[in-house]
Amino acid sequence: MMLFHSQTVTVERDTDGSVVLKLDVPGRSVNVLTKQVFADLDAALDELYRQQRLPALIVRSGKPSGFLAGADIAEFTGIKDASEAMAMSQRGQQLFDKLAELPRPTIAVLHGPCLGGGLELALACDYRLVFDKPSTQLGLPEVELGLLPGWGGTQRLPRVVGLERSLQMILSAKRLNAREAFQWKLADAYAANEDQLREQFARLVIRAIGEGKKKRDRLPLHGWRQRLLESNSFGRRLIFRGTERILRNRVPDDMPAPSEALEAVRIGIQRGFEAGLKRERQGAARLALTPACRNLVNLFLQREAARKPAGIDSAAAIQRIGVVGAGVMGAGIAQLAALQGRQVVVQEVNTAALQAGLARIDDLFAKAVERRRISNDDAKRFRASIRGTIAWEGFAHVDLVIEAAVEDLELKRNLFRELVNRTSPTTLLATNTSSLAIARLQEGMAHPERIAGLHFFNPVHKMPLVEVVQGAVTASDTVTRLMRLAVELGKLPVRVGDGPGFVVNRILMPYLDEAVRLVGEGMKIKTIDKLMRKFGMPVGPLELLDQIGLDVAAHVARMVQQQLGQPLEPGGVFEQMQQKGWLGEKVKIGFYTHGKKRPKPHRAAEELVRAAHRGESLSAKLPEAARLAEARERMVLLMVNEAWAVVADDLADAQTVDLAMVFGTGWAPHRGGPLRYATDRGEEAIVRTLQQLAERLGPRFRPKK
Ligand code: NAD
């Protein structure tokens, strides 16, 4: 019997007497908390408060995709002032309080994403059941948007999972899978499959009716660690102090969300739930209007838009894919394509290389199974859709070839000639080159309009960005089809022009180069990396060089900077390090030595760079703080400058450049990307600083705006 009906929420009494509140936001693939959902939930609760015969309330989603993915981010952009943000927080707090105080026990049944406001809603229920699916995720990732959980999450989560664990989840946006959620007692029951779901659900309902409402006025104190640390104010203070220290070290400058969230949790623990809610509202109001929040929310929305590029729905799909070269990149691309249901054939130079490539692919599948991304059966099935060849078998019938052989223009031109002969004239031909011009691969080829760049980043399964490169004569339809494929492979495609290093590598190179110059001038490797991590980069420039590999970086730097006529780092350090075999992480030695423990700066590398630069220090006379500030300016502004050049050369618009840098390199997301950062700081001021740097340190700083 239907008890309540609205656009997004229904309440029904089942034949067995249980009452189910079902959430289903029409027109959305996943549930999100919109203003409408708030209003409907509110009205539904009014009705439930009127119900006399209510054994227990079940709250669940009507969508197979999941419970509730969080707040509707688009609604955040409408917030104009602090009082509006505070009112929004208060409204959610009141609504979830109303649910929490319903006099009968409440049970949330969770599957798929249960994030942000979704988890705050589930936390307002007395009991939670998790259904284990690969997509099941529970978390409060608001800090990733420069916000805090503003609907009671900072108060309820610690009282369910404990203080330390809640801080881990709230401050680092940690998401738990179903099993972890059950282990952490965020969920009261766990179902691994449909059969268990029925059984566990029935049990939990009986338990809820038997045990009734749960009191949530104190920390849970499960296990020895919680009892030792969280049961007393001394232990809790230790946790808060330790957390503050971690935040000081790890959170970038100008990113206030984690410390606001920590403060809300602390006040709630020290002064009680109501005081905590008040602090949470104040935090929400303060954060909503910060540049960090605005930039992160904009990036989120831009990313969503970039996942639906114009025209892809009408572009012909790509089903069969040929990959040339099964090295690091080729293997990654082949595995990803197979994982997304494509038929793949991989061409290699000889049997040994092919076997090594297929072993790499096997390894990627094994890791995906290990990480529980896919089941063993699925891995076997998808792996079976990849075939290897050393004689181009099957290439006559593919829709697309992705060339990922070694980075050598003549070799690639020969390969493209071969491909033109071996494939049908309508087969798209893409290269994964990092630094060669697409135009040079199109020259003299039949049907060059089907040739483009499809630049994946390393490691393919992790890095979200793909640059789709339009050469001078590449057809628009070719690019659109590749954009569609990239989206279907789960990537974020950006359409860019055919310039040296495209967008990401071009902007990155002068930065990496400058970091090496700073080492040459006597600045410590660790200091440089820390400086840029504090700016907001996920890793420092020298750590990044170790990840990329000094050989790859040297090659790309040389190609890109030569094409651009930019001066190369004067000491020839990359070459020297390459000769010594200090190639970075893959050989466990580069700018750092990598072992089981934390990487340590590699002193001999530091000395090598200094000797190459003859130890001259251009800013040695400055006091320490000014020296650090200038070092940061040098590295950051070179990227801003190059980003301006990319736009001026018409290779991408400002928004695309920012998206590419954030999703291709992890560029300080809370600053919105290099060009957003320049706008926020003032472009004129940056131009002036660049001019000053150019006068003192050389023409590489000449403003390109
Ligand atoms: P890799 O050396 O790991 O693999 C290259 C593979 O190509 C080898 O297995 C080799 O046997 C094979 N190969 C060489 N000539 C061939 C031919 N004529 N026919 C078929 N196979 C051939 O190189 P990689 O790092 O995977 O790079 C591949 C491409 O991707 C390059 O163009 C590189 O610039 C680009 N890329 C590399 C990275 C990276 O970080 N490694 C990132 C983005 C793009």
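Residues numbered from 1 in each chain as written. Predicted model: local features only at pLDDT ≥ 70, side-chain atom pairs only at ≥ 80, totals over all residues. Heavy atoms only, no water.

Draft legend 1. Structural detail: the site of the ligand. In the vicinity of the ligand lie 22 residues, with Met329, Glu348, Glu407, Lys412 and Ser434 positioned nearest. Contact distances for the ligand include 2.8 Å between an oxygen atom and a backbone N or O atom of Met329. A distance of 3.3 Å is found between an oxygen atom of the ligand and a backbone nitrogen or oxygen belonging to Ala405. Taken by itself the ligand offers 830 Å² of open surface, and the protein chains cover 80% of this. Only helix H13 (328–339), helix H16 (409–422) and strand E16 (451–456) provide two or more residues apiece to the shell around the ligand. Among the residues making up the shell around the ligand, the classes are represented as 11 nonpolar, 8 polar and 3 charged. (Near = heavy atom within 4 Å. Polar contact = N/O pair within 3.5 Å; in protein donor to acceptor, adjacent residues only side chain to side chain. Areas by Shrake-Rupley, 256 points an atom, 1.4 Å probe, with all protein chains shown as cover. Helix = DSSP H or I, 4+ residues; strand = E, 2+ residues; numbered from the N terminus. Nonpolar A, V, L, I, M, F, W, Y, C, P; charged D, E, K, R; others polar.)

Draft legend 2. Local environment of the domain arrangement of the protein chain. Domain boundaries in the protein chain define domain 1 (2–289), domain 2 (312–497) and domain 3 (504–701). For domain 1 versus domain 2, the distance between C-alpha centres works out to 42 Å. (Domains from an automatic or database assignment.)

Draft legend 3. Structural view of the side chain of Glu403. Along the chain, Glu403 turns up in strand E14 (residues 400–403). Within the structure, Glu403 has its side chain in polar contact with the side chain of Lys412 (distance 2.6 Å). A polar atom in the side chain of Glu403 sits 2.6 Å from the side chain of Thr431. Discounting chain neighbours no more than four positions away, the residues touching Glu403 are Val324, Lys412, Leu415, Phe416, Ala430, Thr431 and Asn432. (Contact = heavy atoms within 4.5 Å.)

Draft legend 4. Molecular detail of the nonpolar core. Grouped together as the largest cluster of nonpolar side chains are 92 residues, with contacts concentrated most on Leu542, Phe591 and Trp667. Looking at this core, you find at least three residues from each of domain 2 (312–497) and domain 3 (504–701). Once residues within four sequence positions are removed from consideration, Phe591 is found in contact with Val516, Ile525, Leu542, Leu545, Asp546, Leu550, Met577, Lys600, Pro601, His602, Ala605 and Val609. Counting 84 residues, the second-largest nonpolar core is a separate cluster that includes Val161, Ala181, Met255 and Ala284. (Core = buried A, V, L, I, M, F, W, Y, C linked by side-chain atoms within 4.5 Å. Buried < 20%, exposed > 50% of the residue type's maximum accessible area, 1.4 Å probe, protein only.)

Draft legend 5. Region of the structure containing the packing of helix H25 (residues 624–648) against helix H27 (residues 674–681). Their axes nearest at 9 Å, the elements H25 and H27 cross at an angle of 110°. Here H27 runs roughly perpendicular to H25, going by the angle between their axes. Here Arg632, Glu633, Val636, Leu637, Val640, Ala643, Trp644 and Val647 of H25 come into contact with H27, specifically with Pro674, Leu675, Tyr677, Ala678 and Arg681. (Axes fitted to C-alpha atoms, helices over the stretch in contact; angles between N-to-C directions. Parallel < 35°, antiparallel > 145°, perpendicular 65-115°, else oblique.)

Draft legend 6. Looking closely at a positive patch on the surface. Taken together, the side chains of Arg250, Lys526, Lys530, Lys597, Arg598 and Lys600 define a basic patch exposed on the protein surface. Its location among the elements puts Arg250 in helix H9 (residues 233–250). (Patch = residues over 30% accessible without salt bridge, like charges linked within 9 Å, V, L, I, M, F, W, Y side chains within 5 Å. Salt bridge = Lys/Arg side-chain N within 4 Å of Asp/Glu carboxyl O. Lys, Arg positive; Asp, Glu negative; His and termini not counted. Charge placed at Lys NZ, Arg CZ, Asp CG, Glu CD.)

Draft legend 7. Spatial organisation of the pattern of salt bridges. On inspection of all chains with the given rule, the structure shows 53 salt bridges. Among the salt bridges present, the one from Arg294 reaches Asp680, with a minimum N-O distance of 2.8 Å. Here Arg294, found in helix H12 (residues 291–306), pairs with Asp680, found in helix H27; they are 386 residues apart in sequence, far enough to count as distant. Judged by relative accessible area, which is 34%, Arg294 ranks as partly exposed. According to the relative accessible area criterion, Asp680 is partly exposed, its value standing at 36%. Counted as one network, the salt bridges with shared partners bring together Asp513, Glu514, Arg517, Glu521, Arg634 and Arg700.

Draft legend 8. Quick look at the pairing of strand E2 (residues 9–13). Most of E2 is tucked away: 4 of the 5 residues are buried. As consecutive antiparallel partners, strand E1 (residues 2–5) and E2 are separated by 3 residues. Alignment of E2 against strand E3 (residues 19–23), held across 5 bridges, turns out to be antiparallel. Note that in E3 the partner of Val11 across the bridge is Leu21. (Pairing = 2+ DSSP bridges.)

Draft legend 9. Spotlight on the sheet that holds strand E5 (residues 106–110). Taken in spatial order, the 7 strands line up as E1-E2-E3-E4-E5-E7-E10 in an open sheet, and their pairing is mixed. Looking at the sheet topology across the chains shown, the edges are occupied by E1 and strand E10 (189–191). On average, each strand axis in the sheet is tilted by 15° relative to the strand beside it, whichever way the strands run. Where strand E4 (residues 57–61) and E5 come together, 3 bridges link them in parallel fashion. Following the sheet pairing, Ile58 is matched in E5 by Ile107.

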